Amino acid sequence: MAGCCVVLGSFLFEYDTPRIVLIRSRKVGLMNRMVQLLILAYVIGWVFVWEKGYQETDSVVSSVTTKAKGVAVTNTSKLGFWIWDVADYVIPAQEENSLFIMTNMIITMNQTQSTCAEIPDKTTICNSDSDCIPGSTSTHSNGVETGKCVSFNESVHTCEVAAWCPVEDDAGVPTPAFLKAAENFTLLVKNNIWYPKFNFSKRNILPNITTSYLKSCIYDAQTDPFCPIFRLGKIVEDAGHSFQDMAVEGGIMGIQINWDCNLDRTASLCLPRYSFRRLDTRDLEHNVSPGYNFRFAKYYKDLTGNEQRTLIKAYGIRFDIIVFGKAGKFDVIPTMINIGSGLALLGVATVLCDIIVLYCMKKRYYYRDKKYKYVEDYEQGLAGERDQ
Amino acid sequence: MAGCCVVLGSFLFEYDTPRIVLIRSRKVGLMNRMVQLLILAYVIGWVFVWEKGYQETDSVVSSVTTKAKGVAVTNTSKLGFWIWDVADYVIPAQEENSLFIMTNMIITMNQTQSTCAEIPDKTTICNSDSDCIPGSTSTHSNGVETGKCVSFNESVHTCEVAAWCPVEDDAGVPTPAFLKAAENFTLLVKNNIWYPKFNFSKRNILPNITTSYLKSCIYDAQTDPFCPIFRLGKIVEDAGHSFQDMAVEGGIMGIQINWDCNLDRTASLCLPRYSFRRLDTRDLEHNVSPGYNFRFAKYYKDLTGNEQRTLIKAYGIRFDIIVFGKAGKFDVIPTMINIGSGLALLGVATVLCDIIVLYCMKKRYYYRDKKYKYVEDYEQGLAGERDQ
Amino acid sequence: MAGCCVVLGSFLFEYDTPRIVLIRSRKVGLMNRMVQLLILAYVIGWVFVWEKGYQETDSVVSSVTTKAKGVAVTNTSKLGFWIWDVADYVIPAQEENSLFIMTNMIITMNQTQSTCAEIPDKTTICNSDSDCIPGSTSTHSNGVETGKCVSFNESVHTCEVAAWCPVEDDAGVPTPAFLKAAENFTLLVKNNIWYPKFNFSKRNILPNITTSYLKSCIYDAQTDPFCPIFRLGKIVEDAGHSFQDMAVEGGIMGIQINWDCNLDRTASLCLPRYSFRRLDTRDLEHNVSPGYNFRFAKYYKDLTGNEQRTLIKAYGIRFDIIVFGKAGKFDVIPTMINIGSGLALLGVATVLCDIIVLYCMKKRYYYRDKKYKYVEDYEQGLAGERDQ
């Protein structure tokens, strides 16, 4: 018990610190300070100034709403003079971070559940009923074969199918795009962001934007960088593509909103930065399955109560709004951690200098003699050792 | 070759450790142990207890499905007595992590493709046909001008447009909201989460929840914190807003599900925590483009086969379900890394004490003399140096 | 001023390095080198080979489009012989990272706004009008009670409701699933990924995939691992579930695309890896609220211009496409940081060896004597100390 107290006492009242050789040499000293300076410059410059290591960071939480505006006119033999507005070309009417605008279409009107000749291709062209297997269907067919071979037109016979008839013929995509006027449609993007750690929230309609400015402005990187209304043609153009080209077969555009903010500065400097990128690769050499399209139908009932539908294969541009960003604010803990690891890195200076001093310099044996004490593992060690 | 073996041998059989001065002093010793204790307390307290540095962590993977329930009655001159159910007010019928519930609307019935007078505003009011440019259209117009000036009502003339007629007049939003009964609708949120690293999965319908409880319960932070059925009015209220106020112009509500779990404890303690937040800022002083709305149409065919539609400008609340969380479980590697960096931090204690002992204490010259050996960079160094 | 220069000079031209005891001992030396080797092996093996600490990493940015193909035939008393194609069973027509395919349904045709008997359950069965409260509605009811008690069928009376009538009776889910043929439908997933830091982008339709291969291939983990066309039945089967079982009540399937890439190697080795997982837990013992379904309606106008609708309660499988992955590429900064912390860890070797040498070995007092210099905190310190 008493011995224990002695050990505890000597443990508590002891202080151990490494013994240091302090070499007074212009060459070695300067070199040492230079290496230390470099490491210090790295720690301060990279970690604190560049990476802002004294800040705690948080990722953005965001909500997005979009609204398209614009009217297009088409004049075709099938539909006649026709006006297209938002409710017609935005499908579905609302999505979470995305908006699809139809720019082209293949329309098949007045389909009913009946039987008709399949679109001719390798597997459907037939000479007699024996070429058609009743009940068979394949991935690319529009219906189920009835087993009859009927005339598709004057020259070609194809297997008859039970399907929504007449079946869609999507061989040729209309060029130029049906709704090529979509180039001048506008897209209002409303975006609210939130940094939960700092309880900081902001919207992309900045406080200095008035209702009248919002009614007339169009985003432009130079003149109106904070106007949240985009002309579709400009979005595609800014991403380095041609709208009319993209409108034919469709595609996907990313509208990227970057909210990188330094919250140590005033909140009004935390501003959105917009950029645009085409998200589906348009690889001219490897043009397999290009563009973006899907099918939907509008259902009607005819006078006798039978269901009929208008099938639309819609080509168009999907605008995905991608919000990202990081906010930073001074915080004690990351500052301390980075100072700590900075101090640790200073230790590397000593290691580097030691290597130079002890292995590369002319007077290396002299310095080694000063730094090291050699101890032999013999009983006569005390006698045999060279003192310092 | 032999020389190489000697070098290798001396390298292998050597052990170098720094020489230490062990100062026996109550003051310095106690201070040293105090600093070490503080750093140790920080390492253990912060890194191990608070941040759980001995655990490996994983982020949540989640899938969400939602289902709204409720019926509303409206009685207006336009529609008469009308019942609204889920299929009417949820648009689109399903989304991935989101659900839109229509609470208000401006309905324009029996629109057909024809010509009619535009809604009067600065650019559309006209005195004669010369004020209207045939074929012109602007972002905010409903159609394409025909070039005629026609009477909108007894007092006002506006340019005629080819459009879906009659055009929508969205000047006034119905107040109170059309479907104000939506406050009592309920929302069932089904959420499955998965922590891939630990192959741990759980659903928010906990094992002790029975079918009969699920049929009758309503979420309440105090009494039913694990019931996954939410009353819409309560969600908005818990976020600090008024449902009836929000219902008029629409908005976005975030339903946040937090799945922070310590998997070192039993799985039944891993429980969802719900919270609610309004995601679109409601800034009364800067009320530019508030709320959330979009347009969609229902298409019909009249007796003669012509297409007509009912256009609905739908105001409503979009509920975004945001699932987040982290799970931790003991793992050897992060434990070792954190112990390592903890040990490294203990080195800082020596640096701090050295600064105090060697620069601040009265007997600093005495201690410096013990710690440092001064070596001059002269050939007469050995003679000139003060021993220790 | 002069004194200041002296201090600065002595500071600049000084070099301090710890004094080292170099113990020549086979046992201790070998042990020391072993510990250092282990730590070095850990640093190199774990940090550099396994974790690729010399690389900078980036997370994937992705865009996904999907397209389903296939036709199903049903023959029921209600609908007769009926063909279902993509526009019928994909709801909504397009989503961002998700696709819903209807596999089962409860269809209620020709609903109109009128009054009818409620579906019988505990709260709706009545004996007289006094059991029904006019204007009342509950969460699970289909409409608003009128206060009358009417006959639901010959034996049961229920309260009359104003609703879309006839009301839906969803008591029994059709088994087997209505569209059980959906097992053979195919799903084309087009996925473009982008690593912003490295400006590296790729699509899952690889350069060597031709249009003809894409027309005929079906994904198979062994034979066609890079074909982006999936048979729905195979997806569910690969996840360890039965498609026909899942089709009845619906569910959620995750199609996971992993794009882990080492960009130090050639880009053609950066390939997608597909895996499948059921995202909604199917817990047979705790089968509360299973599956996935939602309601939607198709709206018509009858001959007199009154609105009627067909209500569909759609059960089906939602395919969520989850894209994840990390790319790494050599970079100077993480390499330096990891070398730095590796060096720091080598310091732990000395600490470990010191503990063994100074506390566990037989000759520990001899070694301690060499390592430590004891200094007493007395004025007579210099005399009392044992030299080294």
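Residues numbered from 1 in each chain as written. Chains lettered and ligands numbered in written order. Predicted model: local features only at pLDDT ≥ 70, side-chain atom pairs only at ≥ 80, totals over all residues. Heavy atoms only, no water.

## Concerning the overall build of chain A
So, step 1. When its secondary structure is counted, chain A shows nine helices and 19 strands.
So, step 2. Expected size for 388 residues packed as a compact globule is a radius of gyration near 21 Å; at 38 Å, chain A overshoots this value by more than 25%.
So, step 3. Projected onto its principal axes, the C-alpha positions of chain A cover 115 × 65 × 55 Å.
So, step 4. Residues classed as buried in chain A amount to 51% of the 388 residues present.
So, step 5. Summarising the internal contacts of chain A: among those between residues at least 6 apart in sequence, 68% fall at separations of at least 24.
So, step 6. As presented, chain A carries roughly 17,900 Å² of accessible surface, and 58% of it is formed by carbon and sulfur atoms. (Helix = DSSP H or I, 4+ residues; strand = E, 2+ residues; numbered from the N terminus. Rg over C-alpha atoms; globule rule 2.2 N^0.38 Å. Buried < 20%, exposed > 50% of the residue type's maximum accessible area, 1.4 Å probe, protein only. Contact = heavy atoms within 4.5 Å. Areas by Shrake-Rupley, 256 points an atom, 1.4 Å probe, with all protein chains shown as cover.)

## Section: the UniProt feature "transmembrane region" (unreviewed entry) in chain A
So, step 1. Cross-referencing UniProt, the feature "transmembrane region" (unreviewed entry) maps to residues 34-50 and 339-361 of chain A in the present numbering.
So, step 2. Summarising residues 34-50 of chain A: 100% helix, 0% strand, and an end-to-end C-alpha distance of 22 Å. (UniProt positions renumbered as here; feature names shortened; annotations may be inferred.)

## Overview of the nonpolar core
Generally speaking, a soluble globular protein has its nonpolar side chains buried in company with each other.
So, step 1. Among the nonpolar cores identified, the biggest contains 66 residues, and Trp-84, Tyr-89 and Met-102 of chain A are the most heavily contacted of them.
So, step 2. If near-sequence neighbours (up to four positions away) are discounted, Trp-84 of chain A is found in contact with Gly-70, Val-71, Ala-72, Thr-74, Leu-79, Tyr-89, Met-102, Met-105, Phe-178 and Leu-179 of chain A. (Core = buried A, V, L, I, M, F, W, Y, C linked by side-chain atoms within 4.5 Å.)

## Brief notes about the relation of the copies chain B and chain A
So, step 1. Screw-axis analysis of chain B against chain A gives a translation of 0.1 Å along the axis, an RMSD of 0.2 Å, and a rotation angle of 120°. Read as a symmetry element, the transformation amounts to a three-fold axis. When C-alpha distances to the rotation axis are compared across chain B, the minimum falls at Arg-19 of chain B, with a value of 3.2 Å.
So, step 2. Interface residue correspondence from chain B to chain A reaches only 19%, placing this contact among heterologous pairings that use different surfaces. (Least-squares fit on C-alpha atoms with pLDDT ≥ 70 in both.)

## As for the packing of aromatic side chains
Ring pairs (aromatic) are described by centroid distance and by the angle formed between their planes.
So, step 1. The full count for this structure, using the stated rule, is 42 aromatic pairs over all chains.
So, step 2. Ring plane angle 45° and centroid distance 5.1 Å describe the contact between Tyr-219 of chain B and Phe-230 of chain B, whose orientation is recorded as tilted. Of the two residues, Tyr-219 of chain B sits in the loop between helix 4 (211-216) and strand 12 (229-231) while Phe-230 of chain B sits in strand 12, which places them eleven residues apart along the sequence. Residues Tyr-219 of chain B and Phe-230 of chain B agree in their burial class; the two are buried.
So, step 3. For the pair Phe-230 of chain C and Tyr-274 of chain C, a centre-to-centre distance of 5.1 Å together with 70° between the ring planes defines the contact as edge-to-face. Remark: Tyr-274 of chain C occurs in strand 15 (residues 273-278) and Phe-230 of chain C occurs in strand 12 (residues 229-231); sequence separation between them is 44 residues. Across the pair, Tyr-274 of chain C and Phe-230 of chain C agree in class, each one buried.
So, step 4. What links up through ring pairs into an aromatic cluster is the set Phe-100, Tyr-292, Phe-294 and Phe-296 of chain A.
So, step 5. One cation-aromatic arrangement involves Lys-301 of chain A over Tyr-300 of chain C; the distance from NZ or CZ to the ring centre is 4.6 Å. (Phe/Tyr/Trp six-rings, centres within 6.5 Å; stacked < 30°, edge-to-face > 60°. Lys NZ or Arg CZ within 6 Å of the ring centre and 35° of its normal.)

## Observations regarding the state of the cysteines
Working definition: the covalent bond between the sulfur atoms of two cysteines is a disulfide.
Residues and elements named next belong to chain C.
So, step 1. The final tally for this structure, using the stated rule, is 15 disulfides over all chains.
So, step 2. At a sulfur-sulfur separation of 1.9 Å, the disulfide partner of Cys-126 is Cys-149. Taking the torsion about the S-S bond as the criterion, the Cys-126 to Cys-149 disulfide, at about 95°, is right-handed. Of this pair, Cys-126 sits in the loop between strand 7 (98-117) and strand 8 (144-151) while Cys-149 sits in strand 8, placing them 23 residues apart in sequence. The same class applies to Cys-126 as to Cys-149, namely buried.
So, step 3. What links to what in chain A: the bonded cysteines, counted in sequence order, pair as 1-6, 2-4, 3-5, 7-8, 9-10. (Disulfide = S-S within 2.5 Å.)

## Brief notes about the interface of chain B and chain A
So, step 1. The partner chain A presents 66 residues to the 79 residues of chain B that form the contact.
So, step 2. Linking chain B with chain A are four salt bridges, by the criterion used here.
So, step 3. Residue Lys-298 of chain A pairs with Glu-307 of chain B through a salt bridge whose shortest N-O separation is 3.2 Å.
So, step 4. On the surface where chain B and chain A come into contact, there are 29 residue pairs in polar contact (both at pLDDT 80 or more). (Salt bridge = Lys/Arg side-chain N within 4 Å of Asp/Glu carboxyl O. Polar contact = N/O pair within 3.5 Å; in protein donor to acceptor, adjacent residues only side chain to side chain.)

## A look at the relation of the copies chain A and chain C
So, step 1. When chain A is brought onto chain C, the operation consists of a screw motion whose angular component is 120° and whose axial shift is 0.0 Å, with 0.2 Å RMSD remaining.
So, step 2. A share of only 19% of the interface residues of chain A reappears at the interface of chain C, consistent with the copies meeting through non-equivalent patches.

## Some thoughts on the UniProt feature "binding site: ATP" (unreviewed entry) in chain A
So, step 1. Under the UniProt annotation, "binding site: ATP" (unreviewed entry) lies at Lys-67, Ala-68, Lys-69, Thr-186, Asn-293, Phe-294, Arg-295 and Lys-313 of chain A. Across 247 residues of sequence, these annotated residues are also dispersed in space, with a maximum C-alpha separation of 24.3 Å.
So, step 2. Its place among the elements puts Asn-293 of chain A in strand 16 (residues 293-301).
So, step 3. In this structure, Asn-293 of chain A is in contact with Lys-313, Ala-314 and Tyr-315 of chain A together with Lys-67 of chain C, ignoring residues within four places of it in sequence.
So, step 4. A distance of 2.3 Å separates the side chain of Asn-293 of chain A from the side chain of Lys-67 of chain C, its partner in a polar contact.
So, step 5. Mapped onto the elements, Phe-294 of chain A comes out in strand 16.
So, step 6. Contact partners of Phe-294 of chain A, with chain neighbours within four places excluded, come to Ile-91, Phe-100, Ile-312, Lys-313 and Ala-314 of chain A together with Ala-93 and Gln-94 of chain C.

## Quick notes on the interface of chain A and chain C
So, step 1. The partner chain C presents 66 residues to the 79 residues of chain A that form the contact.
So, step 2. Around 7,100 Å² of area is buried between chain A and chain C when both sides are counted, 53% of it from carbon and sulfur atoms.
So, step 3. Our enumeration of links across chain A and chain C arrives at four salt bridges.
So, step 4. Our count for the contact surface shared by chain A and chain C stands at 29 residue pairs in polar contact (both at pLDDT 80 or more). (Buried area = accessible area lost by both parts, 1.4 Å probe.)

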